[in-house]
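# Per-entry structural report
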Amino acid sequence: MSRDEMMDLQGKRLHKLVELVYHHVPFYRDKMQALDITPEDIRTIEDITRLPFTTKQDLRDNYPLGLQAAAQSEIVRIHASSGTTGNPTIVGYTGRDIEIWKEVAARCLTAYGVTRNDIFSVGYGYGLFTGGLGVHNGVEYVGASVVPTSTGNTEKHLRLLRDLKITGIACTPSYALYLAEAMDKAGMTKDDICLRIGAFGAEPWTENMRREIEDRLGLQAYNIYGLSEIMGPGVSYECECKDGSHICEDHFYPEIINPDTLEPLGRGQTGELVFTTLTKTGMPLLRYRTKDLTSLMEGDCPCGRTSVRMTRIIGRSDDMLIIRGINVFPSQVESVILEMPEFEPRYMLVVDRVNNLDTLQVQVEVRKDYFSDEIGVMLQLKRRLSDRLKSILSISADVKLMEPNSIPRSEGKSVRIQDRRQLK
Amino acid sequence: MVTKQISIFLENKRGRINDVTKVLAANGINMDAFCIAETSDFGLMRLIVQEVDRAVEVLRSADFAVIVTDVVNIRCRNVPGALSSVLEKLAGQDIFIEYMYAFSRSETADVIIKPNNLEECIRILDGLSLDNR
Ligand SMILES: [Zn+2]
């Protein structure tokens with residue numbers, strides 16, 4: 001499909017979507033009326049920037065079914081995503097939504113090379129979480145044999161992989177590594193199993209993890225992206241080029257915005273990913289802010305698919321800091337520190353304001369057994385880190401070398417940031 | 001001769017050096033010599049002890065950043081001009097000294113130096129007769 005044809009299709013679908021939510025979801029009608037727009041104003045895909053955003057908070061505020069557009073009799077399935085705080089997010093699917101979901105999940109699997117001759121294990125959790133059932137339906141749609149192993153019983157999973165000669169697997173990348181670990185312990189190697197394709201997602205992962213998974217399980221590892229608010233797994237997928245994930249943009253229209261100003265950003269620029277569900281009828285969403293940070297790639301993919309690609313998720317917009325007007329993401333700092341073996345992968349960002357100027361201090365722990373006993377070399381190391389940070393962040397940071405274990409340990413990301421500007 | 005020196009990375013904050021000496025004292029480890037080099041935000045404490053391995057172990061388990069470096073220990077007579085003549089020889093052979101510190105015990109003085117080229121430095125020192133020191 002050419003770009004013009006795609007945009008034409010997206011525009012038509014957007015118009016229909018806006019009509020649907022305007023007439024069936026009071027939340028959207030109120031928002032549109034406040035902006036003084038009617039469905040008639042939304043004719044092309046470019047008009048999308050006139051529409052209101054939807055946030056996770058909006059979903060919570062309208063708990064449980066306030067954003068549902070379809071009558072309850074039309075809903076055939078309900079998923080719920082667990083929120084660590086507040087209400088869970090409830091998503092109702094119509095029969096048509098489920099059909100589309102199957103089709104996009106199958107698109108992903110077909111791109112990875114799955115055929116009806118494959119035996120495919122779904123190692124995502126089944127239940128309220130969309131991962132298990134989402135991939136399951138896609139595998140059946142392709143016509144491969146699905147094995148709904150789900151999570152939990154690793155020993156049985158390994159046995160089934162070996163005995164059924166399972167060729168494909170879907171699970172989180174960390175579970176894939178856990179399986180590899182378990183395989184080692186059981187005295188098995190990748191030669192004892194027949195896996196050739198892996199679809200991994202539901203959590204961020206790195207190129208290093210891909211190499212390790214491919215190496216240890218003997219398969220080709222591909223990213224699968226999705227989120228339950230939009231649909232579930234199947235929103236985007238990697239092709240054989242493994243260079244960015246193709247978005248099923250005929251169903252899920254992507255935008256990248258500056259999470260601070262909400263202004264749309266161009267191709268290649270990093271910002272918050274926003275999706276509009278062009279064809280959904282159960283709980284359609286306009287411009288849903290995913291909080292995932294990524295960029296839309298420029299240029300065509302060598303694989304021949306013309307759908308737009310998104311890069312790896314680099315972090316969450318909640319963590320974004322604005323320092324001297326520049327957006328700074330802790331994950332950028334982290335990536336620089338991870339490259340330098342002299343440091344522990346642990347840091348603290350201290351933002352302050354001195355004489356009306358924002359300052360950024362990056363505190364990083366020196367490794368217990370890996371530094372120099374010469375002051376000059378240590379100062380050079382400090383300089384190397386601050387130069388690297390400057391080239392990545394575009395602002396200068398003051399590096400402070402810290403002793404091991406002097407930075408508080410915690411699971412949460414927020415504690416890696418001390419923004420002292422807000423305290424004044 | 002070549003000797004093992006312990007270097008500890010320390011943040012510049014009150015009482016950190018005392019923390020090191022307390023750990024060593026609690027484990028009955030005696031310091032023969034030490035010196036401290038500092039910048040505005042961190043410092044390096046360099047130590048000479050008899051029980052290097054045990055000192056490293058107790059310091060690391062107390063979460064100090066510790067590495068062990070080879071340095072040269074020169075023993076010379078504790079008289080004026082003794083060190084000067086040794087250093088002159090080294091300088092004459094293009095040995096550059098990164099840092100040095102000394103401690104004396106009545107008859108002799110021990111000087112710890114970190115040369116830019118350890119092997120070459122040792123070779124030159126071995127060529128010197130004790131009288132020259
Ligand atoms: Zn492609």
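The notes below deal with the structure included here. Not measured: the values here are computed from a predicted model. (Residues numbered from 1 in each chain as written. Chains lettered and ligands numbered in written order. Predicted model: local features only at pLDDT ≥ 70, side-chain atom pairs only at ≥ 80, totals over all residues. Heavy atoms only, no water.)

### Here we look at the overall build of chain B
Within chain B, the regular secondary structure consists of four helices and six strands. Beginning at the N terminus, the succession of helices and strands in chain B can be written as β-α-β-β-α-β-α-β-β-α. By the burial criterion, 46% of the 133 residues in chain B qualify as buried. Partitioning the contacts of chain B with sequence separation of at least 6, the portion at a separation of at least 24 is 65%. A total of about 7000 Å² of accessible surface is found on chain B, and carbon and sulfur atoms cover 47% of it. Averaging the locations of the 15 positively and 19 negatively charged side chains of chain B gives two centres separated by 3 Å. (Helix = DSSP H or I, 4+ residues; strand = E, 2+ residues; numbered from the N terminus. Buried < 20%, exposed > 50% of the residue type's maximum accessible area, 1.4 Å probe, protein only. Contact = heavy atoms within 4.5 Å. Areas by Shrake-Rupley, 256 points an atom, 1.4 Å probe, with all protein chains shown as cover. Lys, Arg positive; Asp, Glu negative; His and termini not counted. Charge placed at Lys NZ, Arg CZ, Asp CG, Glu CD.)

### Brief notes about the coordination of the zinc ion
Each angle at a metal carrying four tetrahedral donors should ideally be 109.5 degrees, and each at a metal carrying six octahedral donors should ideally be 90 or 180 degrees. All names here are of chain A. Every protein donor of the zinc ion is accounted for by C239 (SG), H246 (NE2), C301 (SG) and C303 (SG), and the metal-donor separations fall at 2.0 to 2.3 Å. Each of the four donor atoms bound to the zinc ion contributes to angles spanning 106 to 113°, and the resulting shape is tetrahedral. Along the chain, the residues that donate to the zinc ion are spaced as C-x6-H-x54-C-x1-C. You can see H246 sitting in strand β9 (residues 245-247) and its partner C303 sitting in the loop between β12 (288-294) and β13 (309-310), a full 57 residues away along the chain. (Donors = N, O, S within 2.8 Å, 3.2 Å for Na, K, Ca; no water. Tetrahedral: all angles 85-135°; square planar, octahedral: opposite > 155°, others 65-115°.)

### Digging into the packing of aromatic side chains
Within a pair of aromatic rings, the relevant descriptors are the distance that separates the centres and the angle that separates the planes. Tallied over the full model, the rule gives nine aromatic pairs over all chains. Seen in terms of ring centroids, Y93 of chain A and W101 of chain A are 5.0 Å apart; in terms of plane orientation they differ by 15°. Their pairing is stacked. Like W101 of chain A, Y93 of chain A is buried. Seen from their ring centres, Y124 of chain A and F129 of chain A are 6.1 Å apart, and the 70° between their planes marks the pair as edge-to-face. The class of Y124 of chain A is buried, set by a relative accessible area of 3%. On the basis of relative accessibility, which here comes to 39%, the residue F129 of chain A falls in the partly exposed class. One aromatic cluster is present, formed by F371 of chain A together with F9 and F42 of chain B through successive ring pairs. Looking at R287 of chain A, its charged tip hangs above the ring of F53 of chain A, at a distance of 4.1 Å from the centre. Stacked on the ring of W205 of chain A, the Lys or Arg R312 of chain A has its end atom at 5.7 Å from the ring centre. (Phe/Tyr/Trp six-rings, centres within 6.5 Å; stacked < 30°, edge-to-face > 60°. Lys NZ or Arg CZ within 6 Å of the ring centre and 35° of its normal.)

### Looking at the pattern of salt bridges
When the charged atoms of two side chains with opposite charge come close together, those side chains can pair. All names here are of chain A. In this structure the tally under the stated criterion is 44 salt bridges over all chains. A salt bridge links K12 to D8, with the shortest nitrogen-to-oxygen separation between them at 2.9 Å. Of this pair, K12 and D8 both sit in helix α1 (residues 3-24), separated by four residues, roughly a single helical turn. R309 is paired through a salt bridge with D243; the nearest N and O atoms lie 3.7 Å apart. In this pair, R309 sits in strand β13 while D243 sits in the loop between β8 (232-238) and β9, placing the two residues 66 residues apart along the sequence. The class of R309 is buried, set by a relative accessible area of 5%. It is possible to trace a salt-bridge network through shared partners that takes in E181, D184, E212 and R216. (Salt bridge = Lys/Arg side-chain N within 4 Å of Asp/Glu carboxyl O.)

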